[in-house]
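Given next are the chains, with one letter for each unit.
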Amino acid sequence: MDTIAPSNSRPVMHSRMLAGRTALVTGSTSGIGLGIARALAAAGANIAINGFGDRVEIDALGVELSRNYDVSVQYVGADMSQPDAIALMMRELTATLGPVDILVNNAGIQHVAPIETFPRSRWDTILAINLSAAFHTTQAVFADMKARRWGRIINIASAHGLVASPFKSAYVAAKHGLIGLTKVAALEGAEAGITANAVCPGYVWTPLVEKQIPGQARSHNMTEAEVIRNVLLVNQPTKRFATVEEVGALVTFLCSDQAQSITGAALPVDGGWTAH
Ligand code: NAD
C-alpha cells in the first residue's frame, strides 16, 4: 500500500487564522470590498483600506475594524485608475503595515450603454480600474510574495468575467481580462506558495448595482422595478442577490492553508447564473 505522507498544514480553519498577515483590499470603503475587509479583519489580518468616500466616515470605519477585531488598519486612498498613485500607495503601505501577504483587487466601476454610444473615456477608465490596476498591484507585491514563499491574490471579477450581457462592453471585457491575468499569476506563483484566484459574483446588492439601475432602465426602456426583476435577477436562478458576507467568507477561505491547492480558478458566487 502507498504511504500517505502526513500533511504539514494546520488541520482546521480557526478564527484568528490570518493573525500577523497584512491584507490590501482595493475599493474597500463600500460594498463587496468592505465586506471582504471585515471578514479578513475578523480572521485577524491587518487591513489596508482603499477607496473613495467621506474621510470622517472612512476614519470611523478604521477605528471600528481595529477595535472590534484587534488588528491594525490603515487607509491608503490612491485612485486605482492612476498607475503612479498605485505605485506610491504600495510603497507607503509596505513601509507602514509591512509587506502585503493578501492582495484583493476589488475596486471596480460600471457603465451601461450600447456599443455605438459607449463613451470612449468610460471604456478607458473601466479598463484602468477594473483590469490594469490589478496588474499594477500584483506587479508591486509579487517579488516579495515569492521571496517569502506565501501569498494570496484574489481578484474580484464577476459572472461577467465568464459570460456577457448587452450594454456592458468595457466591464465584460475587463472582467474576462482579469480572469486571464489571474491564471497567469497562478502559474507564475505556483512553485512559490502563491495562489491566485478570481471570485465571480453574480448580482450582489451594493451601491454599484443600485447606481446602474437608472441606466439599465433607460437602455432597456423599462421601469426600475422591471429592471430588477427582468434584467438583474433574470439569470440568477436563486432569485436573490448574493451578500457581501458570502463573498467575504469565500475570500477568507481562499486565504487559508486548506486552500493552497485552489489556484488559477474562477469561482462563481452567482446563485447558479453561469450554470445556464
Ligand atoms: P461599490 O460601488 O459598492 O464599491 C466600489 C469600491 O471601489 C468603492 O470603495 C469605491 O470607492 C472604490 N473605487 C471606485 N473607483 C475607484 C478608484 N478609481 N480608485 C480607488 N477606489 C475606487 O461596488 P461593489 O458592488 O462593491 O463592487 C466591488 C467589486 O465587485 C467591483 O470590482 C465589481 O465589478 C465587482 N462585482 C460586483 C457585483 C455586484 O453585484 N455588486 C457583481 C459582480 C462583481
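Parameters at a glance
- Residues numbered from 1 in each chain as written.
- Predicted model: local features only at pLDDT ≥ 70, side-chain atom pairs only at ≥ 80, totals over all residues.
- Heavy atoms only, no water.
- Helix = DSSP H or I, 4+ residues; strand = E, 2+ residues; numbered from the N terminus.
- Buried < 20%, exposed > 50% of the residue type's maximum accessible area, 1.4 Å probe, protein only.
- Axes fitted to C-alpha atoms, helices over the stretch in contact; angles between N-to-C directions.
- Parallel < 35°, antiparallel > 145°, perpendicular 65-115°, else oblique.
- Left-handed = near helix turned anticlockwise from the far one by under 90°.
- Contact = heavy atoms within 4.5 Å.
- Nonpolar A, V, L, I, M, F, W, Y, C, P; charged D, E, K, R; others polar.
- Core = buried A, V, L, I, M, F, W, Y, C linked by side-chain atoms within 4.5 Å.
- Salt bridge = Lys/Arg side-chain N within 4 Å of Asp/Glu carboxyl O.
- Near = heavy atom within 4 Å.
- Polar contact = N/O pair within 3.5 Å; in protein donor to acceptor, adjacent residues only side chain to side chain.
- Areas by Shrake-Rupley, 256 points an atom, 1.4 Å probe, with all protein chains shown as cover.
- 1 Å grid on protein atoms, 1.4 Å probe; cavity = no way out; pocket = protein on both sides within 12 Å on 5 of 7 lines; lining within 4 Å.
- Sits in = over half its atoms within 2 Å of the grid points.
- pLDDT = per-residue confidence, 0-100.
- Phe/Tyr/Trp six-rings, centres within 6.5 Å; stacked < 30°, edge-to-face > 60°.
- Lys NZ or Arg CZ within 6 Å of the ring centre and 35° of its normal.

Engineer: Explain unusual backbone geometry here, please?
Structural biologist: Note: most residues except glycine have negative phi, and most peptide bonds are trans. In the Ramachandran plot, Arg 149 falls in the positive-phi region, its phi being about 55 degrees despite a non-glycine side chain. Structurally, the position occupied by Arg 149 is in the loop between helix 4 (120–148) and strand 5 (151–156). In this model, Phe 167 sits at a positive phi of 75 degrees, which is unusual for a non-glycine residue. By the secondary structure assignment, Phe 167 is in the loop between strand 5 and helix 5 (169–189). With a relative accessible area of 24%, Phe 167 lands in the partly exposed category.

Engineer: I tried to follow the packing of helix 1 (residues 31–42) against helix 2 (residues 55–69) on my own but got confused; where do I start?
Structural biologist: Helix-helix packing is characterised by the crossing angle of the two axes and by the distance between the axes. At their nearest, the axes of helix 1 and helix 2 sit 9 Å apart, and the two run at 30 degrees to each other. In terms of their interaxial angle, helix 1 and helix 2 are classed as roughly parallel. The crossing of helix 1 and helix 2 is right-handed. On helix 2, the residues that touch Leu 34, Arg 38, Ala 41 and Ala 42 of helix 1 are Leu 61, Glu 64, Leu 65 and Tyr 69. Here the residues of the contact of helix 1 with helix 2 are counted per class, giving six nonpolar, no polar and two charged.

Engineer: Please explain the nonpolar core as it appears in this structure.
Structural biologist: The nonpolar side chains of a soluble globular protein tend to be buried with one another. Ile 36, Leu 40, Val 104 and Val 251 are the most contacted members of the largest nonpolar core, which totals 31 residues. Residue assignment for this core shows that the elements contributing at least two residues are strand 1 (22–25), helix 1, strand 2 (46–49), helix 2, strand 4 (102–105), strand 5 and helix 8 (244–254). In terms of residue count, helix 1 provides more of this core than any other element does, six residues in total. Once you skip the residues sitting within four places of it in the chain, Ile 36 turns out to touch Val 25, Val 104, Asn 106, Ile 156, Val 247, Gly 248 and Val 251. Counting residues in each nonpolar core, the second largest holds 24 residues, with Ala 48, Leu 97, Met 145 and Ile 153 among its members.

Engineer: Please clarify how the environment of Asn 230 should be interpreted in this entry.
Structural biologist: Within the secondary structure layout, Asn 230 lies in helix 7 (residues 224–232). On the accessibility criterion, Asn 230 (37% relative accessible area) is partly exposed. Along the sequence, Asn 230 and Ala 107 sit 123 residues apart, while their C-alpha atoms lie 27 Å from each other.

Engineer: Just to check I follow, could you spell out the pattern of salt bridges for this structure?
Structural biologist: When their charged atoms lie close together, side chains carrying opposite charge are able to pair. Within the structure shown, the criterion is met by four salt bridges. Between Glu 246 and Arg 240 there is a salt bridge, with its nearest N and O atoms 2.9 Å apart. Taking the relative accessible area as the measure of exposure, Glu 246 reaches 31% and is therefore partly exposed.

Engineer: Explanation requested: the site of the ligand in the structure shown.
Structural biologist: Surrounding the ligand, one finds 31 residues, the nearest of these being Ser 30, Asn 106, Tyr 171, Val 204 and Thr 206. Measuring from an oxygen atom of the ligand, one finds a backbone N or O atom of Ile 32 at 2.7 Å. Between the ligand and the protein, one listed contact pairs an oxygen atom with a side-chain N or O atom of Tyr 171 at 2.5 Å. Isolated, the ligand exposes 820 Å² of accessible area, and the fraction of that covered by the protein chains is 94%. When atoms are counted within 2 Å of each cavity's grid points, the one that captures over half of the ligand is the largest pocket. Counting only elements with at least two residues in the shell around the ligand, the list comes to helix 1, helix 5 and helix 6 (207–220). Ranked by residues supplied to the shell around the ligand, first place goes to helix 6 with three residues.

Engineer: Honestly, the confidence of the model for the chain in this entry has me stumped. Any pointers?
Structural biologist: On average, residues of the chain carry a pLDDT of 94, and 95% of them reach 70 or more. Overall, residues 1–9 carries pLDDT values under 50, and its contacts beyond four positions in sequence, including any with other chains, amount to one contact.

Engineer: Could you clarify how one ought to interpret the packing of aromatic side chains in this entry?
Structural biologist: For any pair of aromatic rings, the description consists of the separation of the ring centres together with the inter-plane angle of the planes. In this structure the tally under the stated criterion is two aromatic pairs. When the centroid spacing of 5.6 Å and the interplanar angle of 10 degrees are considered together, the rings of Tyr 203 and Trp 273 count as stacked. On the criterion of sequence distance, the pair formed by Tyr 203 in the loop between strand 6 (194–201) and helix 6 and Trp 273 in the segment after strand 7 (266–269) is long-range, its members being 70 residues apart. Neither residue differs from the other here; Tyr 203 and Trp 273 are each classed as buried. With a centroid separation of 5.0 Å and an interplanar angle of 65 degrees, the aromatic rings of Trp 205 and Phe 241 are classed as edge-to-face. Note that Trp 205 is positioned in the loop between strand 6 and helix 6 and Phe 241 in the loop between helix 7 and helix 8, a separation of 36 residues in sequence. Above the face of the Trp 150 ring, Arg 21 is positioned so that its terminal group lies 3.6 Å from the ring centre.

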